[in-house]
Amino acid sequence: MKPLVSIVLSLTGSLGDIKACLESIRSQTFSDFEALLFYADAGGASGLPEWVDGDKRFTCRQADGNAASHWNMGITLARGEYLLFLDDSVALAGNALDAVKDEATAHGPDVTLFGGEQYSVHRQELSSAGFMLKTAYLPANSPFCAEDIPRDIFFVTSSDPWTKAFRREFLIQNNILFQELENTYDFCAVYTSLALAERVCASDKVLATQRVWDAGEVQPCGTGDPCSFIDASLAFFVSLKKHGCFEALERAAVRAVLFLTACRLKATTTESGLWKMIARLRSSDFAALGILDHPNEFYLGKENRAYVAGMLVAAEWNEHHAAWLALPGDYSIERRAKSSERVAVSVIIPMFNVGPYADECLASIVGQTLRNIEIICVDDGSTDDTIDHIRYFAAEDDRVTVIRQRNLGVSVARNHALAEARGRYIYFMDGDDVLRRNALELLVELADKDALDCVLFDADCFHENKCEKSMIGDNRYHRQAEYPTISRGIELFRAMRGKGEFLVSPCLYLTRREHIERWGLSFHRGVVHEDNAFSTLNVALARRCGYIREPLFVRRVRANSIMTKHESFDNAYGYYVAYRDLDARLDDFSDCTDDERTAVFGMAIRLLRSSREIQSRLPGEQRNVYMLLPPEERYWYERDVALPAEWKAGMTDRNTKMKDARLKLERYRREAEDARRKLNDTQNQLRKSQAQNKKLTARLNRVDQTTHKLGPVSIRVTLGEDGC
């Protein structure tokens, strides 16, 4: 006689307790079952309890392969009407098969779902595993099928087979087999079964306990190829299309694949495994699934879509950043200035694709009233005609030096120019801005007269192409407070920062070259906001510093510049690098007063806070870029920026929800008050109507009484000749 249930058990011995697993099967209250035990190791049978040989319900077989191979053999060899697929990490509750029998007798389902729990080997504690069966998403009717819950059919349960019973004939008819992958071999088979099953039943009873390293929905993908989940996803989509149900279940299928992908990315434990996964996710076969190409409203699990897309963005950003940093930092001097007299100022101008603005910029420098200057133009790998403009001015003026480099960024360009500079003073210019004609003469005169290391000044700005004035106001570069004309650098820095008027642009000060070399100052390569740490150190470390309340510089505000383009991870990362650079130099201020050092500390904290604030505002696809930074750098960024930003974003979200809830409550209160007012008005009208009815009834009663007293009334009618 055939048993009702066949248990197909793969003995892997990983985290499992073989004896506990077998004992849970042996002690089932429902005994009409068979257990098919498969093991790959030739000596596997020797580790089994002695009673197994004496129990005719248990059959042992040696077979190569993993659990998927064993389970597939079980489908062929089993005699039971229903199949349970286990490995030795799972133990069944004593009444598990009774529950399967009850559902089979009542409904004859193709698939039966039930609940599970997990035992953490690491924590040595038992915990619920609600993700194995999400009862809140079950339909009211039972049995049900995918058509009843097309959005949630793959969300209502996990792909773990040990919390399910499958009708054997159903699996055979639909040719459903487990994929022989190194891991994730159950995903396609389980979810294809749910898609095709005409009758699915669910029991909210917890009937299986899984032993895991640490409890949770996200588990490591195990041994073998970390990309097996991608093969499983591809096979799942093919299976749904083959059976003609892909179109109806596409949103649910995309949700399941995105969830699986996000889990695997989060659970990987090695850098090499993570990058291998990402390389496969960027391949043409996975891209062909199109799971990231739908409009936002298509997605049921938007957070997983954002995470997966974000990891791809992160890979692209980090590869580009690493390649950029790996480029040789060499440069060539195409033309050197021929001026032989002692140079007062070296004007350094990094230029990248500023062709439309280069002439105006260079003309403002060439036309300076101070003549003994050198103009070092660095073409940062421009792809427009910037170099032609530079060469034109170099041919007309012997004071122009032309340096060419790959596109290594403004920091590298400035550092290269600093290495070639001969002037007593350094002035940094931007290639799309303008300097007042007498600016350098005025600054050098003041610096020479008072032996200043640094001279600060103000600026005007103008907006081009209707660029948003709200981004950079017209008065941003005009300091309003009063500051000493000459002071120690740290004193001026502290005063300006205290008023919120310390400006970090290196275009807003002239610096003695000896001062820069004494402190070993340079710009950090490969980041935006590179001037924050440099300018802070340059001014705060100056022995003597001056300030002129004159707008000697004119800043051009244009769209898509660093100052006006939308925030991205570049901004959060740039501020963090500036914070780290400044933090590394805090010991240079050990001789300062506590208040002065506090000002520098405050600047460092402001940079860190800016990084956190931007990180918390980043869209989902940008928020996880840091996760592919080199391990040590990722650790520091996550600790200092990402986690605090995540907490802040969560608090902001909670505050927003609380505010919305308060607004709704206030609206409900107003509506309730309006309803009470209307009810009172209605009640008052009802009382008035009742009073009027009472009066009318009294009148009618009086009329009746009068009529009764008069008795019958005779009326004689006389007709005329015409009958009227």
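Before any of the text, the structure's been laid out above.
Residues numbered from 1 in each chain as written. Predicted model: local features only at pLDDT ≥ 70, side-chain atom pairs only at ≥ 80, totals over all residues. Heavy atoms only, no water.

(A) Just the overall build of the chain, in detail. Across its full length, the chain holds 22 helices and 19 strands. In summary, the chain has a C-alpha radius of gyration of 40 Å against a globular reference of 27 Å for 724 residues, an excess of more than 25%. When the backbone C-alpha atoms are referred to their principal axes, the chain occupies close to 125 × 115 × 60 Å. Here the chain holds 724 residues, and the buried ones make up 51% of them. Of the contacts formed within the chain by residues at least 6 apart in sequence, a portion of 81% connects residues at least 24 apart. Seen as two clouds, the 92 positive and the 104 negative side-chain charges of the chain have centres 7 Å apart. (Helix = DSSP H or I, 4+ residues; strand = E, 2+ residues; numbered from the N terminus. Rg over C-alpha atoms; globule rule 2.2 N^0.38 Å. Buried < 20%, exposed > 50% of the residue type's maximum accessible area, 1.4 Å probe, protein only. Contact = heavy atoms within 4.5 Å. Lys, Arg positive; Asp, Glu negative; His and termini not counted. Charge placed at Lys NZ, Arg CZ, Asp CG, Glu CD.)

(B) Quick peek at helix α12 (residues 355–366). Taking 1.5 Å per residue, twelve residues should reach 16 Å; α12 reaches 17 Å between its end C-alpha atoms and fits that length. Turning to α12, its buried residues are G355, Y357, A358, C361, L362, S364, I365 and V366. Of the surrounding secondary structure, the elements contacted by the buried residues of α12 are β11 (345–351), β12 (373–380), α13 (386–396), β15 (434–435) and β19 (545–557). (Expected span 1.5 Å × (residues − 1).)

(C) Representation of the environment of A232 in the model. Assignment of secondary structure puts A232 in helix α7 (residues 228–242). Look at A232 and you get buried, because its relative accessible area is 0%. In the structure, A232 is positioned 323 residues away from R555 in sequence and 56 Å away in space, judged by C-alpha atoms. Ignoring any residue separated from it by four or fewer positions in sequence, one finds A232 in contact with Q179, L181, T184, F187 and C188.

(D) Representation of the pairing of strand β4 (residues 82–87) within the structure. By the criterion of burial, β4 is predominantly enclosed, with six of the six residues buried. Relative to β4, strand β1 (residues 5–11) is paired through six bridges, and the arrangement is parallel. Paired with I7 across the two strands is L84, which belongs to β4. Bridge count for β4 against strand β8 (residues 164–167) is two bridges, and the pairing is antiparallel. Across the sheet, residue Y82 finds its bridge partner in β8, namely R167. (Pairing = 2+ DSSP bridges.)

(E) Main features of the nonpolar core. Among the nonpolar cores identified, the biggest contains 171 residues, and V5, I7, I25, F154, F236 and Y637 are the most heavily contacted of them. At eleven residues, helix α8 (residues 246–267) tops the list of elements feeding residues into this core. Residue contacts for I25: discarding those within four places in its chain leaves I7, L9, F33, A35, F58, L86 and L92. (Core = buried A, V, L, I, M, F, W, Y, C linked by side-chain atoms within 4.5 Å.)

(F) Structural context of the side chain of S611. Tracing the backbone shows S611 in helix α20 (residues 594–617). S611 gets classed as buried once you look at its relative accessible area, which sits at 0%. A distance of 2.7 Å separates the side chain of S611 from the backbone oxygen of A572, its partner in a polar contact. Discounting residues that sit within four places of it in the chain, S611 has contacts with A572, Y575, Y576, Y637 and V641. (Polar contact = N/O pair within 3.5 Å; in protein donor to acceptor, adjacent residues only side chain to side chain.)

(G) Spotlight on the pattern of salt bridges. Under the counting rule described, the total for this entry stands at 42 salt bridges. Among the salt bridges present, the one from D55 reaches R57, with a minimum N-O distance of 3.0 Å. Exposure remark for D55: the relative accessible area of 13% places this residue in the buried category. With a relative accessible area of 22%, R57 lands in the partly exposed category. Here R282 makes a salt bridge to E319, at a shortest N to O gap of 3.0 Å. Linking R282 in the loop between α9 (271–281) and α10 (284–287) with E319 in helix α11 (residues 302–326), this pair joins segments that are 37 residues apart in sequence. (Salt bridge = Lys/Arg side-chain N within 4 Å of Asp/Glu carboxyl O.)

Note that all results are geometric; they support no functional claim without further evidence.
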